[in-house]
Amino acid sequence: MSSLSESSRNTRTTRDGYTLEPDRTDLAVRVTDLKITYKTTFEKRPTLKQAVVRFGRGTRTVHTVEALKGISFDVKNGTTMGVIGANGAGKSTLLRALAGILPPTSGHIETWGKASTMLALGVGFNNALTGRENIILGGLATGLSKKEVRLRAQEVGEWAEGGTDPFVDRPMRTYSSGQSARVGFSVGVHMDPDILMVDEALSTGDAGFRERAAAKLEELRARSRAMFFVSHGLASVRELCDECIWLDHGRLMMRGHPDEVTAAYLEFLKVKNSEQNSEEV
Ligand SMILES: Nc1ncnc2c1ncn2[C@@H]1O[C@H](COP(=O)(O)OP(=O)(O)OP(=O)(O)O)[C@@H](O)[C@H]1O
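Residues numbered from 1 in each chain as written. Predicted model: local features only at pLDDT ≥ 70, side-chain atom pairs only at ≥ 80, totals over all residues.

## A look at the nonpolar core
- Among the nonpolar cores identified, the biggest contains 46 residues, and Met81, Val83, Leu98, Phe228 and Phe229 are the most heavily contacted of them.
- Sequence-distant contacts of Val83, that is, excluding residues within four places in its chain, are made with Lys91, Leu94, Phe228, Phe229, Val230, Ile245 and Leu247.
- Membership of the second largest hydrophobic core comes to twelve residues, among which are Ile135, Leu144, Val149 and Val156. (Core = buried A, V, L, I, M, F, W, Y, C linked by C-beta atoms within 7 Å. Buried ≥ 20, exposed ≤ 12 C-beta atoms within 10 Å, placed from the backbone. Contact = placed C-beta atoms within 7 Å.)

What follows is the structure, encoded as structure tokens:
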């Protein structure tokens, strides 16, 4: 078979005609000009005058947030990528998009392997169901078969409880935030992900859980193709990650070694804070 027909056979094309790269062994993720815009429609409460004129109806307002404004980067196999930036910078949005939970408004995401995320990131739990039922739904969402999910639900539940009071058979609406986070984390790490997204996982849960979570992440890091680690803890990013990207207001500000990127981010914050302080003076 000629190399031309071989390569055309491997070519993947999206519905909008974008040609994705054929199978590669060196890359885990490629993001090309990714834009994500949230549109929220809400009803404004009418003023008394408007209420009279519009027979009590409010006005519908559309609020638009450009959470990611066209970012591009690729991630090599074996990388642990830190994602840093201020509140609202777009970090969770990026992770949700990489995990396939949020479709791009425009641009493209290519992943080589199965991406898995903590449920807390946005798939969302059904709070009326028990932890165990949510574990089963989460497993099915990551593409595992019913049989595989049933087999693993016990292990995932036990890991989440970690010797504390048994809670996985209670409805999730009765959980503390730490207990919910434990279930989300346990689902994410037990579904054999090739690409794992970790969003502030180490900041939830008690000290015992944090220690077990850190050990689990270390174990997965060795097995997975890539890991994304969103954190405000810059020391953890420097310790855990090989590379780092910094987002600000939906833009990619810098990508590089975690030491350099976290230092540039801190410098940026210092300048910004001193500007704000001088404005206040
Ligand atoms: N479901 C949503 N609907 C509308 N706007 C949203 C939604 N989710 C996030 N946003 C907005 O998108 C922007 C990016 O949010 P995102 O959660 O990605 O930020 P982040 O960097 O993860 O922040 P943090 O550090 O606070 O977790 C913010 O302005 C936020 O208000």
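There is more to say after this.
## Section: the site of the ligand
- Around the ligand, the surrounding shell consists of Tyr38, Thr40, Val65, Ala67, Gly85, Asn87, Gly88, Ala89, Gly90, Lys91, Ser92 and Thr93.
- The set of elements that each furnish at least two residues to the shell around the ligand consists of β3 (27–44), β4 (59–76) and α3 (91–98).
- For the shell around the ligand, the element with the most residues is α3, which contributes three residues.
- Counted by class, the shell around the ligand contains four nonpolar, seven polar and one charged residues. (Near = placed C-beta within 6 Å. Helix = DSSP H or I, 4+ residues; strand = E, 2+ residues; numbered from the N terminus. Nonpolar A, V, L, I, M, F, W, Y, C, P; charged D, E, K, R; others polar.)

## Details of the sheet that holds β3
- A sheet is described by the order of its strands in space; here three strands give the open sequence β4-β3-β6, paired in antiparallel fashion. A single partner strand is all that each edge strand has here, and the edge strands are β4 and β6 (106–111). Looking at each pair of strands side by side, their axes are set apart by 25 degrees on average, direction ignored.
- Relative to β3, α3 is tilted by about 115 degrees, and along the sheet it contacts β3, β4 and β6. (Pairing = 2+ DSSP bridges. Axes fitted to C-alpha atoms, helices over the stretch in contact; angles between N-to-C directions.)

## Quick notes on the packing of helix α4 (residues 131–141) against helix α5 (residues 146–161)
- The interhelical angle for the contact between α4 and α5, taken along N-to-C directions, is 130 degrees, at an axis separation of 9 Å. By the angle between their axes, α4 is oblique relative to α5. The way α4 lies across α5 gives a crossing that is right-handed. The segment α4 lies against α5, with Gly131, Arg132, Ile135, Ile136, Gly139 and Leu140 engaging Lys146, Val149, Arg152, Ala153, Val156, Gly157 and Ala160.
- Classifying every residue of the contact of α4 with α5 by side-chain character gives seven nonpolar, three polar and three charged. (Parallel < 35°, antiparallel > 145°, perpendicular 65-115°, else oblique. Left-handed = near helix turned anticlockwise from the far one by under 90°.)

## Looking at unusual backbone geometry
- The phi angle at Asp33 is positive, at roughly 45 degrees, despite the residue not being glycine.
- Its place among the elements puts Asp33 in strand β3.
- On the basis of neighbour counts, which here come to 13 C-beta atoms within 10 Å, the residue Asp33 falls in the partly exposed class.
- Within the chain, His249 stands out as a residue other than glycine whose phi angle is a positive 45 degrees.
- Position of His249 relative to the elements: it lies in the loop between β10 (243–248) and β11 (251–256).

## Considering the packing of α5 against helix α6 (residues 177–190)
- In the contact formed by α5 and α6, the axes pass within 8 Å of each other and the chain directions differ by 135 degrees. With respect to their mutual orientation, α5 and α6 come out oblique. Our pair here, α5 against α6, has a crossing hand that is right-handed. Each of Arg152, Glu155, Val156, Trp159 and Ala160 in α5 lies in contact with α6, whose residues at this interface are Arg182, Val183, Ser186, Val187 and His190.
- When grouped by side-chain class, the residues that make up the contact of α5 with α6 number five nonpolar, two polar and three charged.

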